[in-house]
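So you can see what is in the structure, the chains are spelled out below.
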Amino acid sequence: MIVPFHHLLVLATLLFLLGLMAVLVRRNLIMILIGVEIMLNAAGLVLVGASALWQQIDGQVLVIFLMALTSAEVSISLAMVVYLNRRKKTVDVRAFDELRG
Amino acid sequence: MSFEQFIFYLFAAAMLGSAMMVITVRNTVHAALFLALTFFSAAALWLLLEAEFLAITLVLVYVGAVMVLFLFVVMMLDVNLAQLREGFVRLLPVGIVVALLAIGMMAYVVGPGNFGLGKFAEPTGHPADYSNTKELGRVLYTVYVYPFEIAAVILLVAIIAAISLALRKRPLTKHQNPDSQIAVRKKDRLRIVKLEAGTRQPINLEDKR
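Residues numbered from 1 in each chain as written. Chains lettered and ligands numbered in written order. Predicted model: local features only at pLDDT ≥ 70, side-chain atom pairs only at ≥ 80, totals over all residues. Heavy atoms only, no water.

Attention now goes to the overall build of chain A. If you tally the helices and strands in chain A, you get 3 helices and 0 strands. The N-to-C order of helical and strand elements in chain A reads α-α-α. Computed over its C-alpha atoms, the radius of gyration of chain A comes to 17 Å, more than 25% above the 13 Å expected for a compact globule of 101 residues. Expressed as lengths along the three principal axes of its C-alpha atoms, the size of chain A is roughly 50 × 25 × 20 Å. Scored against the burial criterion, the 101 residues of chain A give a buried share of 59%. For chain A, long-range pairs separated by at least 24 residues make up 53% of all intrachain contacts whose partners lie at least 6 apart in sequence. Positive and negative side-chain charges of chain A, numbering 8 and 6 respectively, have mean locations separated by a distance of 13 Å. (Helix = DSSP H or I, 4+ residues; strand = E, 2+ residues; numbered from the N terminus. Rg over C-alpha atoms; globule rule 2.2 N^0.38 Å. Buried < 20%, exposed > 50% of the residue type's maximum accessible area, 1.4 Å probe, protein only. Contact = heavy atoms within 4.5 Å. Lys, Arg positive; Asp, Glu negative; His and termini not counted. Charge placed at Lys NZ, Arg CZ, Asp CG, Glu CD.)

Structure, rendered in structure tokens:
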């Protein structure tokens with residue numbers, strides 16, 4: 001472990017905060033998905049750091065599953081963005097605030 | 001501060017700065033490219049944290065596949081940027097408050113009271129002939145083989161869902177119709193003509209034309 005674990009936690013927390021800000025503030029659907037990506041990457045950073053701290057490989061295995069599920073999530077949600085854009089000709093989240101499609 | 005620590009903090013600053021640029025930059029294409037820079041810096045950090053295989057995988061999967069997918073969708077959709085920009089400043093204070101509350105709650109739950117590092121003894125490092133990739137494969141295909149298969153099934157579901165969501169049937173495109181293809185019989189396509197054998201007709205090419 002080359003740096004103290006606290007520094008790593010602070011770093012991942014800041015990265016998670018930035019991703020959360022992207023989700024909360026931006027109106028673009030694609031930017032919201034990018035924010036989700038950043039948050040998941042912060043979670044992966046914590047897992048890799050904990051794996052390096054305790055010298056256990058399990059955290060890195062969990063990161064592999066995180067990557068697989070993130071890829072699945074991104075592909076489905078971008079397909080949904082394409083579909084929604086085809087219906088309403090916009091990617092603004094305010095256009096999709098009703099249950100009736 | 002050693003050289004490795006200097007590199008670590010350098011990439012950490014690059015990662016935070018590019019993530020900041022992601023959420024503030026106006027153009028979506030620029031945001032996607034800054035996200036690629038964020039992932040590159042994260043891969044460097046993971047490399048310094050002794051996760052060599054995952055660092056390479058991060059570059060291959062995220063920068064190679066996910067970012068291309070993002071850029072593909074961004075460039076395929078015709079997005080009106082000025083209209084989307086309106087609510088940014090108005091939503092910013094709300095976003096900051098909610099994000100800080102969430103972070104504070106996480107810090108309270110996962111704080112030093114519950115997960116303090118003093119509660120655990122720090123293990124020694126790996127020997128020199130330790131292979132990260134080999135150990136990862138050994139654990140992944142023995143202990144975690146069941147989650148591994150579930151992840152494979154989830155990826156298959158994602159493929160089918162993405163295709164069925166994005167597939168669009170236009171009226172003008174030509175499709176095959178398997179029903180009519182199967183229902184075809186011999187008499188629909190083939191006509192057997194009886195020709196008289198033995199009487200040779202002289203062919204006059206000039207008349208044929």
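Here helix α2 (residues 28–48) of chain B is 21 residues long and its end C-alpha atoms lie 30 Å apart, about the 30 Å a rise of 1.5 Å per residue gives. A distance of 3.1 Å separates the backbone nitrogen of Val29(B) from a side-chain oxygen at the start of α2(B), and that oxygen is part of Asn27(B). (Expected span 1.5 Å × (residues − 1). Polar contact = N/O pair within 3.5 Å; in protein donor to acceptor, adjacent residues only side chain to side chain.)

Residue-level contacts link 85 residues of chain B with 65 residues of chain A. Summing the contributions of chain B and of chain A, the shared interface buries around 6,700 Å²; its carbon and sulfur component is 78%. Our count for the chain B to chain A interface comes out at 0 salt bridges. Linking chain B with chain A are 8 residue pairs in polar contact (both at pLDDT 80 or more), by the criterion used here. Elements with a contribution of two residues or more to the side of chain B that touches chain A: α1 (3–24), α2, α3 (52–76), α4 (81–84), α5 (88–109), α7 (132–140) and α8 (145–166) of chain B. Its residues placed into classes, the side of chain B that touches chain A shows 64 nonpolar, 12 polar and 9 charged. (Buried area = accessible area lost by both parts, 1.4 Å probe. Salt bridge = Lys/Arg side-chain N within 4 Å of Asp/Glu carboxyl O. Nonpolar A, V, L, I, M, F, W, Y, C, P; charged D, E, K, R; others polar.)

Secondary-structure assignment places Gln60(A) in helix α3 (residues 58–88). Here the side chain of Gln60(A) touches Ser51(A) through a polar contact of 3.3 Å, side chain to side chain. Filtering out sequence-adjacent residues up to four positions away, Gln60(A) remains in contact with Ser51(A), Glu50(B), Ala51(B), Leu54(B), Asn132(B) and Leu136(B).

All names here are of chain B. Considering all chains together, one arrives at 2 salt bridges over all chains under this definition. Note that Glu-135 and Arg-138 form a salt bridge whose closest N and O atoms lie 2.8 Å from each other. In this pair, Glu-135 and Arg-138 both sit in helix α7, 3 residues apart, roughly one turn of the helix. By relative accessible area, which is 22% here, Glu-135 ends up partly exposed.

Evaluation of the coordinates by the stated rule reveals 5 aromatic pairs over all chains. With centroids separated by 5.9 Å and ring planes inclined at 70°, the aromatic side chains of Phe5(A) and Trp54(A) adopt a geometry described as edge-to-face. Note that Phe5(A) is positioned in helix α1 (residues 5–25) and Trp54(A) in helix α2 (residues 29–54), a separation of 49 residues in sequence. Ring geometry for Tyr141(B) and Phe148(B): centres 5.2 Å apart, planes at 85°, overall edge-to-face. (Phe/Tyr/Trp six-rings, centres within 6.5 Å; stacked < 30°, edge-to-face > 60°.)

With that settled, the discussion passes to the confidence of the model for chain B. All names here are of chain B. The share of residues in chain B with pLDDT of 70 or more is 85%, and the mean pLDDT across the chain is 83. Here α4 stands out as the least confident element of chain B, with mean pLDDT 59; α8 is the most confident, with 92. Both confidence scores are given for the complex: pTM 0.80, ipTM 0.90. (pLDDT = per-residue confidence, 0-100.)

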